[in-house]
Amino acid sequence: MGYGHSFVWYRHFKFFIIWGTSLIKTTASEPKLSSLVPDIIAGAINGIIIIVSAMALAALIFTGPLSPYLPQGIGLLLIGSLIFALFSALTSKFPITISTPQDIPIAILALMALTLISDVGQSWSGAELFSFMFVTIGLTSVLVGIFFYTLGQFKLGKLVRFIPYPVVGGFLAGTGWLIVKFSFSMMTDQDLTLDSSLTFLSNPLLMKWLPGFVFGIGMLVVSRFFYHYLIFPGLLVGGIVLFYIILYSLGYSFNELEANGYLLGPFPDGGLFAGNPFAHLTSFRWDIYFIHLPAIVTMMILSAISVLFNYSGLELTVKKDFDLDRELKLTGIGNALVGLAGGSPGYITLSETTMAHAIGAKTNISSYTVALLCGITLLFGADILSIFPKVILGGLLLNLGVSFLEEWLYDTWGRISKMDYGVILIILIVIGTIGFLEGIGVGLLLSIALFVINYSKIEVIKHELSGQTIHSNVERSEKLKSVISRRGDQIYVLPLQGFIFFGTAHRLLERVSHRLSLDSEESLTYVVFDFRQVTGLDSSTINSFNKLKIMAVNKGFRVLFCDMNKSMTQQLAVEGLLPDEEGLFLEFPDLDHGLEWCEEQIIDDEEAATAESIKMGESFKTRFAHIAVYFETMEVKSGSLIIEQGKDPNGIYFLESGRITVQLDTKSGKGIRLKSMGAGTVVGEVSLYSGSAASASVITETDCLIYFLSKDHFNTINRDAPEKAAELHTFIVQLLSDRLAKSNATIRALMR
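Remember, it's a predicted structure, so these values are computed and weren't measured experimentally.

This next bit is on the overall build of the chain. Looking only at helices and strands, the chain features 27 helices and 16 strands. Within the chain, the proportion of its 752 residues that are buried is 49%. A fraction of 81% describes how many contacts in the chain between residues 6 or more apart in sequence connect residues 24 or more apart. When the accessible area of the chain is evaluated, it comes to approximately 35,800 Å², of which 63% is carbon and sulfur surface.

Take a look at the structure:
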């Protein structure tokens, strides 16, 4: 019987051990002892900081008629910290993440409390004021939670990825400075400002912060040269012991240390639990709460920005990417839970999380430790924390703040551009002298200005080409080619790229003006813009095009807009630039068709007789009179398939008249035009000489007259009359050489 009971107890004990172990998350596979000690130390330190911060923040709201309820106000922040710690420990993928009630929501809630006191303070009792603020704090947390969850649900967390790196760096440097200031305030109970800085050098204050300063800088130096999981706890315990040894040896008692402000205490006596917020709902004044909704909406937006900034900063600190949408949703759920308990809105705290990481915490035991300390303080008061020296806690915070400043002011000096470094420095100065949000705002404005300046330096014109260096995919006879080659400089081609805006649009006019000024060149007749790699236009670009139209009227040239998307076309249409009744501005689906149109205009501009003789050219039967007997005459209707992609053409096709298209057939069923070929051109020669299948299809655009030399006849000529075949071989070699030369000319132009 006893053995059976022992077995049952063993099974229950084993279950709780396995269940407890499953609740522990770790960031890495570390030895348990090397992780456990830093986890507990980090949790204890952060727990103390959170408890002290809760007392300071609660004093912002519970002042004046609300002062008697300060212990309950502290309790509201502590229960929020407890829930945040437990929720983070159970849900966060980065197990040492610490979330607490934050100063931005507290500041706005404090402003609401002051407004409430000034408006109804005379007619409401202290209990009524506390009842209203109790529900207000909890209800606001729930609304903040819904807002955060909605942002994450709609995947808006990625917006922080658009925040420039220097702004995040300035934010972290500013955070470091605020932590340094807070460390001095904690050690001396006075704010460190420019006006009060000299008083910190006086003897009474000097002895309060100097030991903490030495302790914090000493920890920073030691961590630079040594790393072991026991170093940080050892320095912490050693610092506390050394503090008491030195001051006891100087004759100070514990009460004297506490009275002189060297310790964290004294704290309010007794428990701090505020009760159930739902009990106050029946008498809640919803009308007064709705009056403050604009301030609450402002709080939501500022808090969302802070959450994303904190996670972005944490990513850089711990070298780990976070799913910001997931974290937003979890932060939202956490706030909703805190709100149901009456707690204040909160989110991840960068300083405490970074401190836990710096100490060496690896698992969520640190968060459980924070929750345990908050729970004990909530139920039994904070007297036990009175023994902790302020200089040690201040030194820890100083160490963290200086680490931020060192990383973003010293380590980044040689890694980033001096302009980006200047942005970081300016943000730090503004945060330190004016305010946190002002610093972030100034940083964003500076980054936007620098982006505009730098982006304006990017060349919007990718290449400068002419009709001699780039051609349409229309293959013509030798005589037509000579005309286009001779007059190709009349075509000025400008492939564009990027987003064209006020910083780059004027360059288009400058380039066209420069081209017009070149007297040695062929007179400019066609300006061709290729928009294939343009992402968008702003109104300044449209204004530049209006000026370009005036220039086109005065100088007598036409402007072609090729490959514009619907949005760009609509922008020009709204301004009345397209369609253009005067025919100065023309639109084409792509550069190929635009160039084809220009080339046709150049050919048509030749004198009528000359143009006719050029277009007719020399008949293939006349040119190859010795082998013309082997030609098969084909009269092919428009839309006929001459060569099918992937099959053997079985010979060479000489186009005597008409027009054909070389088309690449894709899997989607949509053909891509590779070439358009007119009279005097040849297809099928590559497959005949290489013995391969056709790489593209050939389709007639118009009714065509074609001379076909079959593969059998080609082999017969080579065998029976090689001297006659030589002339054909020479023609094909010259044809392929010309094509290669044109391709090389285009490549050279693109590589300039």
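As a further point, take helix H18 (residues 478-487). Turning to H18, its buried residues are Leu-480, Lys-481, Val-483, Ile-484 and Arg-487. Down the axis, H18 shows its buried residues gathered within 160° of arc, on one side only.

A word on the pattern of salt bridges. Counting across every chain of the model gives 9 salt bridges. Across the salt bridge formed by Arg-285 and Asp-287, the nearest N and O atoms sit 3.0 Å from each other. The exposure class of Arg-285 is partly exposed, given its relative accessible area of 36%. Given a relative accessible area of 42%, Asp-287 falls into the partly exposed group. Put simply, Glu-464 and Arg-511 hold a salt bridge, and the shortest N to O gap is 3.1 Å. Of the two residues, Glu-464 is situated in the loop between helix H17 (436-456) and strand S3 (465-466) and Arg-511 in helix H19 (residues 506-516); the sequence distance between them amounts to 47 residues. Taking the relative accessible area as the measure of exposure, Glu-464 reaches 34% and is therefore partly exposed. Judged by relative accessible area, which is 22%, Arg-511 ranks as partly exposed.

Judged from the 6 bridges that link them, strand S12 (residues 660-665) and strand S13 (residues 671-677) form a sheet pairing that is antiparallel. Looking across to S13, one finds that Thr-661 is bridged to Ser-676. Sheet analysis places S12 next to strand S15 (residues 697-700), joined by 4 bridges and oriented antiparallel. Paired with Gln-663 across the bridge in S15 is Ser-697.

Taken as a whole and judged by the stated rule, the model has 2 cavities of 30 Å³ or more. Approximately 110 Å³ is the volume attributed to the largest cavity. If you go around the largest cavity, the residues you meet are Phe-84, Phe-87, Ser-88, Thr-91, Ser-92, Thr-97, Ser-99, Tyr-311, Glu-327, Leu-330, Thr-331 and Gly-334. Every element with two or more residues in the lining of the largest cavity is listed here: helix H3 (70-91) and helix H12 (324-340). Here the second largest cavity defines a volume of roughly 30 Å³.

We now examine helix H5 (residues 126-153). Its 28 residues place the ends of H5 40 Å apart at the C-alpha level, agreeing with the 40 Å of an ideal helix rising 1.5 Å per residue. Of the residues trailing H5, Lys-155 is marked for its positive phi of about 55°.

What follows deals with the sheet that holds strand S7 (residues 558-562). Strand order in the open sheet formed by 5 strands is S3-S5-S6-S7-S8, and the pairing between neighbours is mixed. A single partner strand is all that each edge strand has here, and the edge strands are S3 and strand S8 (585-588). Direction of pairing for S7 relative to S8: parallel, over a ladder of 4 bridges. Following the sheet pairing, Cys-562 is matched in S8 by Phe-588.

Our next topic: the pairing of strand S6 (residues 526-537). Most of S6 sits out of view: 9 of its 12 residues are buried. As paired elements, strand S5 (residues 491-500) and S6 share 9 bridges and run parallel to each other. The residue bridging Tyr-492 from the neighbouring strand is Val-527, located in S6. Where S6 and S7 come together, 5 bridges link them in parallel fashion. Looking at S7, one finds that Tyr-526 is bridged to Arg-558.

This part covers the environment of Phe-499. Along the chain, the position of Phe-499 falls in strand S5. Under the relative-accessibility criterion, Phe-499 is labelled partly exposed at 33%. When the C-alpha atoms of Phe-499 and Gln-533 are compared, they prove to be 9.0 Å apart, with 34 residues separating the residues in sequence. Not counting chain neighbours up to four residues away, the residues in contact with Phe-499 comprise Tyr-455, Thr-504, Thr-535, Gly-536, Leu-537 and Asp-538.

For the rest of this paragraph, the subject is the packing of aromatic side chains. Working definition: an aromatic ring pair is given by the centre-to-centre distance plus the angle between the planes. Scanning all chains against the criterion turns up 39 aromatic pairs. Through successive ring pairs, a cluster of aromatic residues spans Trp-124, Phe-132, Phe-284, Trp-286, Tyr-289 and Phe-290. The side chain of Lys-418 reaches across the aromatic face of Trp-413, ending 4.6 Å from its centre. Residue placement shows Lys-549 over the ring face of Phe-585; its charged tip is 5.8 Å from the ring centre.

The next thing to look at is a nonpolar patch on the surface. On the surface, Tyr-149, Phe-278, Leu-281, Trp-286, Phe-290, Leu-293, Ile-333, Leu-337 and Leu-340 cluster together into a nonpolar patch covering about 790 Å² of accessible area. If you list the elements that add at least two residues to the nonpolar patch, you get helix H10 (286-291) and H12. It is H12 that contributes the most residues to the nonpolar patch, 3 residues altogether. By the secondary structure assignment, Trp-286 is in helix H10. A relative accessible area of 38% places Trp-286 in the partly exposed class.

Our next topic: the nonpolar core. Among the nonpolar cores identified, the biggest contains 126 residues, and Ile-45, Ile-61 and Leu-393 are the most heavily contacted of them. With 13 residues, the top contributor of residues to this core is helix H2 (residues 32-61). Counting residues in hydrophobic clusters, the runner-up holds 31 residues, among them Leu-537, Ala-552, Phe-561 and Leu-578.

Reading the values: the criteria
- Chains are numbered independently. Their residues run from 1 in the order of the written sequence.
- At least 70 in pLDDT is required for a residue's local features to be given in this predicted model, at least 80 for side-chain atom pairs to be given and counted, and no such filter applies to totals for whole chains, interfaces and linings, which use all residues.
- Only hydrogens and water are set aside when side-chain values are computed; all heavy atoms of the structure are taken into account.
- Under the DSSP-based scheme used, a helix requires at least four consecutive residues in state H or I and a strand at least two consecutive residues in state E, with every element numbered from the N terminus.
- Here's how the labels work: a residue is buried when its accessible area is under 20% of the maximum for its type, exposed when over 50%, partly exposed in between, all with a 1.4 Å probe on protein chains only.
- Contacts are residue-level and defined by heavy atoms, with any inter-residue pair within 4.5 Å sufficient.
- Exposure was quantified through the Shrake-Rupley algorithm and a 1.4 Å probe, taking into account, for residues, occlusion by the shown protein chains and nothing else.
- Here the arc refers to the set of directions running from the helix axis out to each C-beta atom.
- Throughout this description, the term salt bridge denotes a Lys or Arg side-chain nitrogen within 4 Å of a carboxyl oxygen of Asp or Glu.
- Strands are treated as partners if at least two bridges between them are detected by DSSP.
- Throughout, the protein atoms alone are placed on a 1 Å grid, and a set of points is a cavity if a 1.4 Å probe fits but cannot get out or a pocket if it is open with protein on both sides within 12 Å along at least five of seven lines; lining residues have an atom within 4 Å of a point.
- Grid points are joined across faces, edges and corners, and a volume is the space filled by probe spheres set on the points.
- The length a helix should cover is 1.5 Å for every residue beyond the first.
- By convention, a stacked pair of Phe, Tyr or Trp rings (six-membered ring in the case of Trp) has centres within 6.5 Å and planes under 30 degrees apart, an edge-to-face pair has planes over 60 apart, and any other such pair is tilted.
- Sitting over a ring, as applied to charges here, requires NZ of Lys or CZ of Arg to be within 6 Å of the ring centre and within 35 degrees of the ring normal.
- Exposure above 30% relative accessible area and no salt bridge define the residues that can form patches, which grow by joining like charges within 9 Å and nonpolar side chains of Val, Leu, Ile, Met, Phe, Trp and Tyr within 5 Å.
- As used here, the term nonpolar core means buried Ala, Val, Leu, Ile, Met, Phe, Trp, Tyr and Cys residues forming a set that is joined through side-chain atoms within 4.5 Å.

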